[in-house]
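# Examining the three-dimensional arrangement
As a plain string of letters, each chain reads:
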Amino acid sequence: MLEEIFFNQQLGSLGITNFLRYAIHWGVSQGYSLEFLLLLLLLPLALGVVSLGRYLIGLQGLGLFTPVMMGVAFLSTGLVPGLIFFLLTFLLEILVIFLLRRLKIHFMAKMALVLLLVCLILLPLLLFLGRFNYTALFNSALIPILILILVGENLAEIQLRKTPRRAVRAVLETLVLSSLAFWVLSSLVLQRIVLLYPEAVVILTIALDIWVGQFVGLRLLEYHRFRKVLKK
Amino acid sequence: MINAGKVLGLNARNRLFLATNKKEGRRIADSKLLTKRILRKNHLPTPKILAVFKNPQAIMTFPWETLPDNFVLKPSKGFGGQGVMMVKKKAKWAGEWYLMDGRLVTIKDLRFHALEILSGRFSLHNSMDVAFIEERIKIQKIFAKYVWHGVPDIRVIVFNKVPVAAMLRLPTKESLGKSNLHQGAIGVGVDLATGITTHGVLNGRFIKYIPGTKRKINGLKIPEWNKILTLAVRAQEAVPSLGYLGIDIVLDKNRGPMILELNARPGLEIQNANLAPLKKRLERVEGLEVKDVEHGVRIAKALFMERFANRVMAEEGIKTIGSLELVKIVAADGHKEEIWAKIDTGAWRTSIDETLAKKLGLLEEKNILWTKTWKSSLGKEVRPTIELTFYLAGRKIKTVAGVANRQNLRRLMIVGRRDLEGFLIKP
């Protein structure tokens, strides 16, 4: 589909309106994959959408990069398997941290120990899944899986300092934001738009960032939070 | 959603109001030790420091067994009450204490916790930190029945030297004696004029009673309220590089109000606790010329008082008044001047004639809250806003009034809607 558009693309003469299209064609001729080049342009858009989720909707999650990183990881694992795997490791990490709470050693050393235990528990799971020929998730890519484990540990550690209510909320928000990032990065429609009009997408991303960056109104969730004050 | 523009959201707080906090001020507020040093320099009361640990050696060589029955071990750069260890009382053996939640700790545990603090476990971005031990505040009797262990504190938000909102924070079992709302403490709104509590929020829910008890949240009068507000404004004077800040004040049984810490990014839940939108109040106060501490406190009281008086009056029964009423204005020297005033529901604020106000001594600088330049068809004129107390149909009304030239108008004073709550007007 994308390739078809790509090969049929008429570029015209190089100018301010089509220089990115030239760059993409040049990149492909250099041996880069088309998906990779498109992803490079979609990544800033995904970040813009995550910041939109924060400043307009009020989904705080875990900063800006964590959800996008997870979104990238989901690209190779698939959204649902990725989410399930992430939740699983996350709960496992919480459990291990909780079990080791009485162990009085330095914080970072402790977290390293937590990671070791989590990996040791995950290993039999991997082998077990292999028996059922469900190796797709783990063969897809090693690094995304590692990203999910590490992000999960980061999230788990922060959760333990919060009250359970806030902890659950932060996790849910992170999941929503990462799904949002995944959706931007994997959307075929958006990929096609980027391929056809990369310059316009860049300008729109800049406009989005600046607009969101200047927004001082209430966030959507704040309308709920302050509903009683608003009614007064 | 009429109030959408009046409620302060995170976006507006961060971009519009936190922008008035300079880097230097944030540096002070983010370090509790530095804050204490500056407060002491300005002769503002703050709980005593019993020990400071800048390196592991200090922790190992410190004579822990000499510590009193109760104390608090804190990270200097901690936030949201994280990493605070509150020691409640001595246990059976020397060198053992009970924590707030009843856990037993030994010197070894305390040392370990202090080392964790140093390694940055509780500081922003896990950067290196300093640990210190602070004396525990003795709780005032009046609060004892409202908290599950721990000491409540009063958060006052000050902007441009004017207190704009206050909240009493009550530790709960969930918050383990800490008074941070994020840890599960109760936030209780406080009327700025009287120091009487109004509404309560716990974990984002509105509550009327302390959970598990039949104790009402509203109606508690916080002692030494004036001193608390004064202290809050003086704290901002001590750190002028913070334009918008939260000041946490504790009330010690013997020594009265003391400043616990400053907060350069005070949270927004205070709006729910007070059921009052903050942005409107901030905009009201922005740019006012506040002469001194006392002036700032007076502006706050006059502008943001809850209408308790009127609520009490409403309970007494609605009073009926006509469109012309004989009011008694309280002059500066205390005597009462009777004049006929027009009851004007078309005006929001009460307005009084300039000459009359001058005659009554109400235009003294001490009594003027602020002055504004008005542009009208008659050109520019300067109109002061003053504090005014008057009696209307037997009720005492304390309010703010605009001053204008009313010499060629029929009545020297009009009473606006703001002061007519609890009245029925029969023209």
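Sequence order sets the numbering: in each chain, residues are counted from 1 along the sequence as written. Starting at A for chains and at 1 for ligands, labels are handed out in the order in which the entities are written. The predicted origin of the model limits local features to residues at a pLDDT of at least 70 and limits the giving and counting of side-chain atom pairs to 80 or more, whereas totals for whole chains, interfaces and linings rest on all residues.

Residue and element names in this part refer to chain B. When DSSP finds two or more bridges between a pair of strands, those strands are recorded as paired. Each helix corresponds to a stretch of at least 4 residues labelled H or I by DSSP, and each strand to a stretch of at least 2 residues labelled E; elements are numbered beginning at the N terminus. Spatially, the seven strands line up as an open sheet ordered β11-β10-β9-β8-β7-β12-β13, and their pairing is antiparallel. This sheet does not close on itself; its edge strands, each paired only once, are β11 (205–207) and β13 (256–263). Neighbour-to-neighbour, the strand axes of the sheet open up by a mean angle of 30°, direction not taken into account. Sheet topology note: the strand β7 (residues 153–159)/strand β12 (residues 244–252) ladder contains seven bridges and is antiparallel. Pairing of Arg155 across the sheet is with Asp248, part of β12. Relative to the sheet, helix α9 (residues 278–285) contacts β7 and β8 (162–170), its axis offset from that of β8 by approximately 145°. Comment: axis = line fitted to C-alpha atoms, over the contacting stretch for helices; angle = value between 0 and 180 degrees taken between N-to-C directions. Any pair of residues counts as being in contact when their C-beta atoms, constructed from backbone geometry, are within 7 Å of one another.

This paragraph deals with helix α8 (residues 142–159) of chain A. End to end, α8 of chain A covers 26 Å across 18 residues, agreeing with the expected 26 Å (1.5 Å per residue, within 8%). Turning to α8 of chain A, its buried residues number three or more, namely Pro144, Ile145, Ile147, Leu148, Ile149, Val151, Gly152, Glu153, Leu155 and Ala156 of chain A. To estimate how far a helix should reach, multiply one less than its number of residues by 1.5 Å. Working definition of burial: number of other C-beta atoms within 10 Å of the residue's own, with buried at 20 or more, exposed at 12 or fewer, and partly exposed in between, all C-beta atoms being placed from the backbone.

With that settled, the discussion passes to the pairing of strand β2 (residues 71–75) of chain B. Residue and element names in this part refer to chain B. With five of five residues buried, β2 is to be regarded as a mostly interior element. Of the pairings in the sheet, the one linking β2 to strand β6 (residues 131–135) comprises five bridges and is antiparallel in character. When the bridges of β6 are listed, Phe71 appears paired with Glu135.

Moving on, we get to unusual backbone geometry. Residue Lys161 of chain B is not a glycine yet carries a positive backbone phi of 65°. Residue position: Lys161 of chain B is located in the loop between β7 and β8.

On to the interface of chain B and chain A, then. A common way to state how big an interface is: give the accessible area lost once the parts meet. Each partner contributes residues to the interface: chain B has 27 residues there, and chain A has 20 residues. For the side of chain B that touches chain A, the leading source of residues is helix α1 (residues 10–17) of chain B, giving five residues.

Another aspect to go through is the packing of helix α4 (residues 65–77) of chain A against α8 of chain A. In a pair of packed helices, the angle between the axes and the distance between the axes together describe the arrangement. Residue and element names in this part refer to chain A. The interhelical angle for the contact between α4 and α8, taken along N-to-C directions, is 145°, at an axis separation of 8 Å. The handedness of the crossing between α4 and α8 comes out as left-handed. From α4, Thr66, Met69, Met70, Ala73, Ser76 and Thr77 reach across to α8, where they touch Pro144, Ile147, Leu148 and Val151. Tallied by class, residues from the contact of α4 with α8 come to seven nonpolar, three polar and no charged. By convention, the crossing between two helices is left-handed when the near helix turns anticlockwise from the far helix through less than a right angle, and right-handed when the turn is clockwise. Side-chain classes are defined by residue name, with Ala, Val, Leu, Ile, Met, Phe, Trp, Tyr, Cys and Pro counting as nonpolar, Asp, Glu, Lys and Arg as charged, and the others, Gly among them, as polar.

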